[in-house]
Amino acid sequence: HLVIAWVPVLEKEINSLKPHKNFRLWLTAEPHLKFPLVLLESSLKVTYESPPGVKKNLLRTYEAWTPEFIEKGHQPVRAQALFALAWFHAIIQERRNYIPSGWTKFYEFSTADLRSGADIIDRLCRGTGSIQWDFIHGLFENAVFGGRIDNNYDLEVLRSYLYQYFERDVLGGKGRRKLAGLVELPMSVNHKDYVKAISSLPETDSPLIFNLPQNIDRSQQESVAKGVLAQLVVVTRPEVEDEQFDKNRWTKDLSPFLHLWKRLNQGSDLVKLAPEQIPAPKEDDPPLLAFLLQERQSAILLLQKVHGDLSKISRVIRGSILLTTDVRANANSLLKHEVPAAWTKKWEGPMAPIRWFRSLVAKCVAVGGWVERCQAGSLLSSPADLSELFNPAVFLNALRQETARRLNQPINSLVFVSQWGGSTVRKASCPVVIEGLMIEGALFEGGRLIECNRDSPAASAIAPCTVAWVVEGDAKKESTESVQVPVYYSSEREHQVTSINVPCTGSPRNWKLKSVALILKNQ
């Protein structure tokens, strides 16, 4: 899967060979849509899956680790550190069952990582002095395990686990804290003692074992349901021949899209605007106005492109124009219930064409309102819903440029701050109130984060928040009882917009392990 573009070359080479009767070629790969089907069908396939559950994961590890390996050096702290490593490895692997809440994506934590971690612990325990846990934190975070992670907030989760498991209060002596608050570590180097400790664990994993919120199962069920529905759409898609034009089929299957588009744009003049009638940003426009004009211009041009492409499909069906390659490609995508690639290059949006149409038209109208409020000077005096924009992250950057210009300060001297409870941001030139946010992984009550219960909804509304860019020296020092929470464009957590400090109770690290996130309201 790492060299998927080269696999067809390998396939041709295999077909041209006259191998020895005992010749065998082993390939390892993750599932990939572009893997050649012919090569896949001609191969004997073996699927390897790690055992489900933390308990079985740990037992598998200790089946691979011999009693001699555990007893090496006769150091109880080494044996305990190896158990903490096995526990840590099991937790980060099983946490993948809760994507995108547990991790934002699938990370290939493998047995090779486990071996590397065990080797590091073995080397650090060879001396007579105390173990430098900071070395383990740094090597595991930056090389062994963290090297696979490309999301800063996933890296925070990994770091929080490392600090929770590999520390003096857990490893190295009697009467210390239980590992993860659950396991009493044996003060021995006996392999059987650790297997016995593993055997006492429950067969099924509770969300608490991962430090995840109690309602994570509900979130996971919703995520699985979305995945199943997406797969059903793929399975039920009609097979479309790219070179074939079937007038009856096009009329039947594409008419719902054409009628919906006509209804959505009824009474709107946006599709009729000439290029010179669409205001474009000028060089001397303020950053916020320039961004919004550009946003509106791009939105209208995309709206007109979609309108033009659908009009061509309609005219081809009626027989008034000839079928072209572009029209066929767009129509075939819609017949497969996919958004044409020519449109998604301009704006990704929802995967389903009907939702994509509705969202596009709604955002075009909303952005027009943003431009009017900005030109009237009332944009920052009214609450803003960032989900109405195509590029909310760029809006926040334009707000930063606007602030720097008004304060006559370098842009890199500004920091992003937030204030909850309706109060204003001190010394803020361009504060904006953000509304419509949803929160996952926690509840927001009494002006701070509180833990969910099992019956809490997967996502709940959160109070409006005032954000602004201020000069670093003027920024109020963030309270230790606050945590940096990422803001994502959707609940899939694929695209991050920004991050906001949110008041909390208890340790911020605990909230990071719960993967608390803010989500823009879906239209």
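These numbers come from a predicted model, not from an experiment.

## Examining helix 13 (residues 325-335)
1) Next: For helix 13, the buried fraction is high: eight of the eleven residues fall into the buried class.
2) Next: Here helix 13 has its buried residues at V327, R328, N330, A331, N332, S333, L334 and L335.
3) Next: After helix 13 finishes, the residue H337 shows a positive phi value of roughly 60°.

## A closer look at the pattern of salt bridges
1) Next: Here the structure, examined in full by the defined rule, presents 16 salt bridges.
2) Next: One salt bridge connects K105 with D150, and the closest N-O pair in it is separated by 2.9 Å. Taken together, the residues span a long stretch of sequence, with K105 in the loop between helix 5 (76-94) and helix 6 (111-124) and D150 in the loop between helix 7 (133-144) and helix 8 (152-165) at a distance of 45 residues.
3) Next: Using a relative accessible area of 37% as the deciding quantity, one classes K105 as partly exposed.
4) Next: Since its relative accessible area comes to 55%, D150 is described here as exposed.
5) Next: The salt bridge partner of R126 is D122, with a shortest N-O separation of 3.3 Å.
6) Next: Overall, the relative accessible area of 7% leaves D122 in the buried class.
7) Next: Overlapping salt bridges bring together K72, R78, D122 and R126 as one network.

## So, unusual backbone geometry
1) Next: In this model, I99 is joined to P100 through a cis peptide bond whose omega is 5°.
2) Next: Inspection of the secondary structure assignment puts P100 in the loop between helix 5 and helix 6.
3) Next: If you check the backbone angles, N211 has positive phi at about 65° while not being a glycine.
4) Next: By secondary structure assignment, the location of N211 is in the loop between helix 9 (191-199) and helix 10 (216-236).
5) Next: Residue classification places N211 among the buried positions, given a relative accessible area of 15%.
6) Next: Phi angles above zero are rare outside glycine, and S515 is one such case at about 55°.
7) Next: With respect to the helices and strands, S515 occurs in the loop between helix 17 (508-513) and strand 10 (517-520).

## Here we look at a nonpolar patch on the surface
1) Next: A grouping of I14, L17, F23, L25 and L27 is seen on the molecular surface, where their side chains present a nonpolar patch of about 420 Å² in accessible area.
2) Next: If you trace the backbone, L25 turns up in the loop between helix 1 (7-16) and helix 2 (37-41).

## Brief notes about empty space enclosed by the protein
1) Next: Tallied over the entire structure, the rule returns two cavities of 30 Å³ or more.
2) Next: Here the largest cavity is characterised by a volume of approximately 150 Å³.
3) Next: Y153, P486, K512, S515 and V516 are, among the 21 residues lining the largest cavity, the residues nearest its centre.
4) Next: At the level of elements, helix 8, strand 8 (482-488) and helix 17 are the ones that each hand at least two residues to the lining of the largest cavity.
5) Next: Ranked by residue count, the leading element in the lining of the largest cavity is strand 8, at five residues.
6) Next: Empty space within the second largest cavity amounts to approximately 50 Å³.
7) Next: Looking at the second largest cavity, the residues that line it are S101, P213, N215, I216, S219, E440, G441, A458, R493, K514 and S515.

## A short note on the confidence of the model for the protein
1) Next: Looking at the protein as a whole, the pLDDT averages 89, with 95% of positions reaching at least 70.
2) Next: Taking the mean pLDDT of every element in the protein, the minimum, 78, falls on helix 10 and the maximum, 95, on helix 12 (residues 287-318).

Cut-offs and rules
Residues numbered from 1 in each chain as written. Predicted model: local features only at pLDDT ≥ 70, side-chain atom pairs only at ≥ 80, totals over all residues. Heavy atoms only, no water. Buried < 20%, exposed > 50% of the residue type's maximum accessible area, 1.4 Å probe, protein only. Helix = DSSP H or I, 4+ residues; strand = E, 2+ residues; numbered from the N terminus. Salt bridge = Lys/Arg side-chain N within 4 Å of Asp/Glu carboxyl O. Patch = residues over 30% accessible without salt bridge, like charges linked within 9 Å, V, L, I, M, F, W, Y side chains within 5 Å. Areas by Shrake-Rupley, 256 points an atom, 1.4 Å probe, with all protein chains shown as cover. 1 Å grid on protein atoms, 1.4 Å probe; cavity = no way out; pocket = protein on both sides within 12 Å on 5 of 7 lines; lining within 4 Å. Points joined across faces, edges and corners; volume = space filled by probe spheres on them. pLDDT = per-residue confidence, 0-100.

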